[in-house]
Structures are given as C-alpha cells and as structure tokens.
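Residue strings, one per chain:
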Amino acid sequence: GESVGLHLPTLSVQEGDNSIINCAYSNSASDYFIWYKQESGKGPQFIIDIRSNMDKRQGQRVTVLLNKTVKHLSLQIAATQPGDSAVYFCAEGKNRDDKIIFGKGTRLHILP
Amino acid sequence: EAGVVQSPRYKIIEKKQPVAFWCNPISGHNTLYWYLQNLGQGPELLIRYENEEAVDDSQLPKDRFSAERLKGVDSTLKIQPAELGDSAVYLCASSPSGPGYNEQFFGPGTRLTVL
C-alpha cells in the first residue's frame, strides 16, 4: 500500500567516507541505465549513465558498476559530502524509445 | 540556460475540483514528459510528447486526466475532477530529440494536495 512507499531504504554514511547505493533492475533487455539524485523539493537530477555493453563508468567522484549476470547496478560516491544528501534512483531504458523506468529510491543520509 | 519551468509549485484543492499544471521545457527540446511521483517512490510516466504529438499516453488515466501541447513548446496537464488519490508531485521533463537515449531534464514539480 501507500505506507510501504514512505519507508525508503536509508543508507547512513559518515562524511568523508565512500557510499555505495545498490539497485536491482528488472529488464535484462534494457540498453542503458541511469542514476538520478533527487533533493527535497526538487526534480530528479541526472548523475551518470551507463550503456548495457559496459560494466563500469566513472564520473566526477562517482562510479557506476553494472552486473548484467545478476541484473544489479551500483553507484559509488567517493568522499561523501553533506551536499550528497538526497534520494537516489536508478532507472533503465531501451534505445528504441525515450521511455525510462525508475526503480525504488534509496535515501542517503550523511552523518557529521 | 534556463531549466524546465513548472507552475504552480504547490496547489491545494478540494476533491472534485479541476486543476491544471503548466510546463515550459528547455528551449529546443522537442520531447516533453509528464510524470507522477508518489511519496517515497520513483516517477511514473503519464504521457510523452514529440513536438505537439502525444506518442505515448498509455499510462494516462484518460477518464479524468488530459494534456495538451498545442504549439509543440509548453504544455498543460489537467485533472478534472480531482480525487484524493491524485495527491502527488507532478513532474515535467524535457529532452532533445534523436534516435536512442537522450538525457531527460526535470523541472521542480508541482505538489498537489487534494483535500
């Protein structure tokens, strides 16, 4: 029911430590995967994406890993900062259209 | 460069009343999306436009929801009549057109509360 959706999984990380946020995706035929960051009162913001023919991609302070064997995606944030506090969503899509499907979110909480 | 603009940011109405949300996409973006986001969940697509054509409205509850993008730029999403279960955040996004994957840029959303 609706109350289940209110209880987002939460990851609490000490400031300065690395964060790892995980996502299980559903469609083995998806062509690309995206991580979004959503701060309170704002829309989702693109962080990084990865094509299905890759298993790792690095950005600024972030790394996305893709394991197609177990349909698992992870987002690693290096040296977590207070500004990283947000809800993180993974999403998947196919090349033939611009439709993306969002997964469940994870709230990242930064401990001082 | 201005991002996706949405208004109003917040709306409180009583059930059975109509409500409308407005979105202005990023200049030059031909593709426009309306999403619904319930509390604690990811956005769910309601409708996607390519210019003025609705190319995917399969998830739009057409008995009470309607949308338009008459000139292929800004768009309006309407609910009439609103129900209690429509309380959510309505997000608009836009992306450039082209084959395959194009990054979507989201607006701040309109938070609707139906009493």
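Below is a summary of the structure that appears in this document. (Residues numbered from 1 in each chain as written. Chains lettered and ligands numbered in written order. Predicted model: local features only at pLDDT ≥ 70, side-chain atom pairs only at ≥ 80, totals over all residues. Heavy atoms only, no water.)

**A few points about the pattern of salt bridges**
Right, so step 1: Going through the model one piece at a time under the given rule, you end up with 8 salt bridges over all chains.
Right, so step 2: Residues Asp84(A) and Arg61(A) are paired through a salt bridge, measuring 2.9 Å at the closest nitrogen-oxygen approach. Remark: Arg61(A) occurs in the loop between β5 (56-58) and β6 (62-67) and Asp84(A) occurs in the loop between β7 (72-77) and β8 (86-93); sequence separation between them is 23 residues.
Right, so step 3: In this structure Asp84(A) comes out as buried when scored by relative accessible area, which is 7%.
Right, so step 4: Note that Asp56(B) is salt-bridged to Lys99(A), the shortest N-O span being 3.8 Å. Here Asp56(B) is found in strand β6 (residues 53-56), whereas its partner Lys99(A) is found in the loop between β8 and β9 (100-111) on a different chain.
Right, so step 5: According to the relative accessible area criterion, Asp56(B) is buried, its value standing at 14%.
Right, so step 6: Judged by its relative accessible area of 24%, Lys99(A) is partly exposed.
Right, so step 7: Through salt bridges with shared partners, a single ionic network connects Arg64(B), Glu83(B) and Asp86(B). (Salt bridge = Lys/Arg side-chain N within 4 Å of Asp/Glu carboxyl O. Helix = DSSP H or I, 4+ residues; strand = E, 2+ residues; numbered from the N terminus. Buried < 20%, exposed > 50% of the residue type's maximum accessible area, 1.4 Å probe, protein only.)

**A look at the interface of chain B and chain A**
Right, so step 1: Across the contact, 26 residues belong to chain B and 23 residues belong to chain A.
Right, so step 2: Overall, the association of chain B and chain A removes approximately 1900 Å² of surface from exposure, summing both partners, and the carbon and sulfur fraction of that is 51%.
Right, so step 3: Linking chain B to chain A there are 1 salt bridge.
Right, so step 4: In this structure, the connection of chain B to chain A is made through 2 residue pairs in polar contact (both at pLDDT 80 or more).
Right, so step 5: Broken down by secondary-structure element, the contributors of at least two residues to the side of chain B that touches chain A are β4 (31-37), β5 (44-50) and β9 (88-95) of chain B.
Right, so step 6: With 4 residues, the top contributor of residues to the side of chain B that touches chain A is β4(B).
Right, so step 7: For the side of chain B that touches chain A, the per-class residue count stands at 9 nonpolar, 12 polar and 5 charged. (Contact = heavy atoms within 4.5 Å. Buried area = accessible area lost by both parts, 1.4 Å probe. Polar contact = N/O pair within 3.5 Å; in protein donor to acceptor, adjacent residues only side chain to side chain. Nonpolar A, V, L, I, M, F, W, Y, C, P; charged D, E, K, R; others polar.)

**Points about the layout of surface pockets**
Right, so step 1: Roughly 650 Å³ of volume is contained in the largest pocket.
Right, so step 2: Gln37(B), Leu39(B), Gly40(B), Val89(B) and Arg111(B) are, among the 30 residues lining the largest pocket, the residues nearest its centre.
Right, so step 3: Secondary-structure elements contributing two or more residues to the lining of the largest pocket are α1 (2-6), β8 and β9 of chain A together with β9 and β11 (110-114) of chain B.
Right, so step 4: Considering every element that reaches the lining of the largest pocket, the biggest residue donor is β11(B), with 4 residues.
Right, so step 5: Class assignment of the residues belonging to the lining of the largest pocket gives a composition of 12 nonpolar, 12 polar and 6 charged.
Right, so step 6: Approximately 280 Å³ is the volume attributed to the second largest pocket.
Right, so step 7: As for the second largest pocket, its lining consists of 19 residues, and the residues nearest its centre are Pro44(A), Gln45(A), Phe105(B), Phe106(B) and Gly107(B).
Right, so step 8: Put simply, the parts of the chain that give the lining of the second largest pocket at least two residues each are β3 (32-38) and β4 (45-51) of chain A together with β10 (105-106) of chain B.
Right, so step 9: The residue inventory of the lining of the second largest pocket, partitioned by class, reads 8 nonpolar, 6 polar and 5 charged. (1 Å grid on protein atoms, 1.4 Å probe; cavity = no way out; pocket = protein on both sides within 12 Å on 5 of 7 lines; lining within 4 Å. Points joined across faces, edges and corners; volume = space filled by probe spheres on them.)

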